[in-house]
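Single-letter residue listing:
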Amino acid sequence: MPGAASRICGLSSRQLALLLAIGAAATIAAALAFEHWGGYRPCVLCLQQRIAYYAAIPTGLIAALMLSTGRLGVGRALLVLAALGLLWNAGLGVHHSGVEWKWWLGPAECGVAGELATGGSLIESIEAEKRIRCDEASWRFLGLSFAGWSVLISLALACIGFAAAFRRPTAGDEI
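On a predicted model such as this, the values are computed, not experimentally measured, just so you know. (Residues numbered from 1 in each chain as written. Predicted model: local features only at pLDDT ≥ 70, side-chain atom pairs only at ≥ 80, totals over all residues. Heavy atoms only, no water.)

1. A look at helix H6 (residues 146–166)
One turn of the α-helix equals 3.6 residues, which is why residues spaced by three or four share an orientation.
Part 1 of the reasoning: The end-to-end C-alpha distance of H6 is 30 Å, a good match for the 30 Å that 21 residues give at a rise of 1.5 Å each.
Part 2 of the reasoning: Considered for burial, the residues of H6 that qualify are Ala147, Gly148, Ser150, Val151, Ser154, Leu157, Ala158, Ile160, Gly161, Ala164 and Ala165. (Helix = DSSP H or I, 4+ residues; strand = E, 2+ residues; numbered from the N terminus. Expected span 1.5 Å × (residues − 1). Buried < 20%, exposed > 50% of the residue type's maximum accessible area, 1.4 Å probe, protein only.)

Right under this line is the structure:
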C-alpha cells in the first residue's frame, strides 16, 4: 500500500490510539483558532460536534496507556467507544451540512446566545444580540463548510480508532 495508508497501517495499536488523541486535539485546536483569530462563532450544532472530539482525546490517551500496560481488552474497548462516538459525530456533521445546504430544517434554537447587557432594557439587549445560524455556512473550503470537514475528520479518526482496536498486538503495544 503506497502513501499514508501504509505508514498508518505500520503503526502499533498504541501508536494509533495516540494518533487518535492527537488528531482529535488538533481538530479542537483548529476550531478554537478559527473562533479566536478568524472571528468565527460556533452555532449550536458546531458546539455539539465538538463533544466527540473532546471525549476522544482522553479516551485515546487512556487506551494507549492500557495497551502499553498489557490491558488489551480495556484499551480496545475504549478505542471502539471512541470510534463509535466519532461515527455518531460524522452523522451529526452530515445533518449539520444538510441544514446548511437547506436540505432539511435545523434545530429551533438555531443560534448561540450572546451575553445580555447588564444595564438598559432587556428587550433592547435581546434584539441587539447577534444569533449564529446553523443553516448558514460561515466559511467554505473546497466546497465544504466546517461541518463538512468535521464529517471527513470524524470518519478518518473513527477508522484509526477501529484499526487500533482490531489490530493484532505488536511489540509496540506492550512495555
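Right, picking up where we left off after that structure.
2. Focus: the packing of helix H2 (residues 13–37) against helix H3 (residues 44–68)
When two helices pack together, you describe them by how their axes are tilted relative to each other and by the distance separating the axes.
Part 1 of the reasoning: In the contact formed by H2 and H3, the axes pass within 8 Å of each other and the chain directions differ by 155°. Relative to H3, H2 is oriented roughly antiparallel. Remark: the crossing between H2 and H3 carries left-handed chirality.
Part 2 of the reasoning: The residue inventory of the contact of H2 with H3, partitioned by class, reads 17 nonpolar, four polar and three charged. (Axes fitted to C-alpha atoms, helices over the stretch in contact; angles between N-to-C directions. Parallel < 35°, antiparallel > 145°, perpendicular 65-115°, else oblique. Left-handed = near helix turned anticlockwise from the far one by under 90°. Nonpolar A, V, L, I, M, F, W, Y, C, P; charged D, E, K, R; others polar.)

3. Some details on H3
Part 1 of the reasoning: The end-to-end C-alpha separation of H3 is 38 Å, in line with the 36 Å expected for 25 residues at 1.5 Å each.
Part 2 of the reasoning: Within H3, the axis deviates most sharply at Ala56, by approximately 25°, and proline Pro58 lies no more than four positions further along. (Bend = angle between axes of the 7 residues up to and from the residue.)

4. Looking at the nonpolar core
Part 1 of the reasoning: Counting 21 residues, the largest nonpolar core has Ala17, Leu20, Tyr53, Leu79, Leu86 and Leu157 as the members making the most contacts within it.
Part 2 of the reasoning: Looking at this core, the elements that each hand over two or more residues are H2, H3, helix H4 (72–100) and H6.
Part 3 of the reasoning: The residues contacting Tyr53, other than those within four sequence positions of it, are Ala24, Thr27, Ile28, Leu86, Asn89, Ser150, Ile153, Ser154 and Leu157. (Core = buried A, V, L, I, M, F, W, Y, C linked by side-chain atoms within 4.5 Å. Contact = heavy atoms within 4.5 Å.)

5. Details of the confidence of the model for the chain
Part 1 of the reasoning: For the chain, per-residue confidence averages 77 on the pLDDT scale, and 65% of positions sit at 70 or higher.
Part 2 of the reasoning: Throughout residues 111–117 the model reports pLDDT below 50, and contacts reaching past four residues in sequence, or to other chains, amount to 22 contacts. (pLDDT = per-residue confidence, 0-100.)

6. Things to note about the environment of Gln48
Part 1 of the reasoning: Secondary-structure assignment places Gln48 in helix H3.
Part 2 of the reasoning: It is 8.5 Å that separates the C-alpha atoms of Gln48 and Asn89, two residues lying 41 residues apart in sequence.
Part 3 of the reasoning: Ignoring anything within four residues of it in the chain, the contact list for Gln48 reads Trp88, Asn89 and Leu92.

7. Remarks on a nonpolar patch on the surface
Part 1 of the reasoning: A cluster of nonpolar side chains, contributed by Leu84, Leu87 and Leu155, occupies part of the molecular surface with about 240 Å² of accessible area.
Part 2 of the reasoning: Within the secondary structure, Leu87 sits in helix H4.
Part 3 of the reasoning: Taking relative accessible area as the criterion, Leu87 reaches 36% and is therefore assigned partly exposed. (Patch = residues over 30% accessible without salt bridge, like charges linked within 9 Å, V, L, I, M, F, W, Y side chains within 5 Å. Areas by Shrake-Rupley, 256 points an atom, 1.4 Å probe, with all protein chains shown as cover. Salt bridge = Lys/Arg side-chain N within 4 Å of Asp/Glu carboxyl O.)

8. Things to note about the environment of Leu84
Part 1 of the reasoning: The topology assignment puts Leu84 in helix H4.
Part 2 of the reasoning: Judged by relative accessible area, which is 45%, Leu84 ranks as partly exposed.
Part 3 of the reasoning: Each C-alpha atom of the pair Leu84 and Ala158 lies 6.9 Å from the other, and the pair is 74 residues apart in sequence.

9. Concerning the packing of H2 against H6
Part 1 of the reasoning: Where H2 contacts H6, the two axes come as close as 8 Å, and the packing angle between them is 165°. The angle between H2 and H6 falls in the class roughly antiparallel. Here the hand of the crossing between H2 and H6 comes out left-handed. Residues Ser13, Leu16, Ala17, Leu19, Leu20, Gly23, Ala24, Thr27 and Phe34 of H2 lie in contact with H6, whose contacting residues are Phe146, Ile153, Leu157, Ile160, Gly161, Ala163 and Ala164.
Part 2 of the reasoning: Broken down by class, the residue content of the contact of H2 with H6 amounts to 12 nonpolar, four polar and no charged.

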